[in-house]
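Examining the three-dimensional arrangement
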Amino acid sequence: MNIFRLIGELVVIYILYKVIFDFIIPLYKSTKQVRSAMSDMQAKMKEQQRTQATQATQEPAKKHSTVSKEDYIDYEEVK
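An account of the accompanying structure is given in this report. (Residues numbered from 1 in each chain as written. Predicted model: local features only at pLDDT ≥ 70, side-chain atom pairs only at ≥ 80, totals over all residues. Heavy atoms only, no water.)

1. Here's the deal with the environment of Thr-54
- For Thr-54, the position within the fold is in helix 1 (residues 2–58).
- Taking the C-alpha atoms as reference points, Thr-54 and Thr-66, twelve residues apart in sequence, are found 28 Å from one another. (Helix = DSSP H or I, 4+ residues; strand = E, 2+ residues; numbered from the N terminus.)

2. Describing the pattern of salt bridges
- Taken as a whole and assessed by the stated rule, the structure comprises three salt bridges.
- The salt bridge involving Arg-5 is made with Glu-9; its shortest N-O contact spans 3.3 Å. Of the two residues, Arg-5 and Glu-9 are both situated in helix 1; the distance of four residues between them amounts to about one turn of the helix.
- For Arg-50, the salt bridge identified is with Glu-47, shortest N-O distance 2.8 Å. You can see Arg-50 and its partner Glu-47 sitting in helix 1, three residues apart, about one turn around the helix. (Salt bridge = Lys/Arg side-chain N within 4 Å of Asp/Glu carboxyl O.)

This is the structure we're talking about:
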C-alpha cells in the first residue's frame, strides 16, 4: 500500500509541476510583457500629444486664402 501512495504523490507532484511551468509561469510572463508594451504605448501617446499641443500653440494662425473667380468652372446642367 505504501508504494501506491508514493506513486500517487509523485503523480500529483508531476501534475503540479506541469501546471506551474507550462501554464502559470508563461501566463505571468506574457501578462507582464503586454503590460509593459501598453505602458510604453501610453507614454508615447502622451509625448505625441504634448508635442502636438506645443506645436499648435507655437504655430501662427493661418491666413484664409482668398479665392478668385477664375478658380471656379461654370456649372452646366446636363440633360
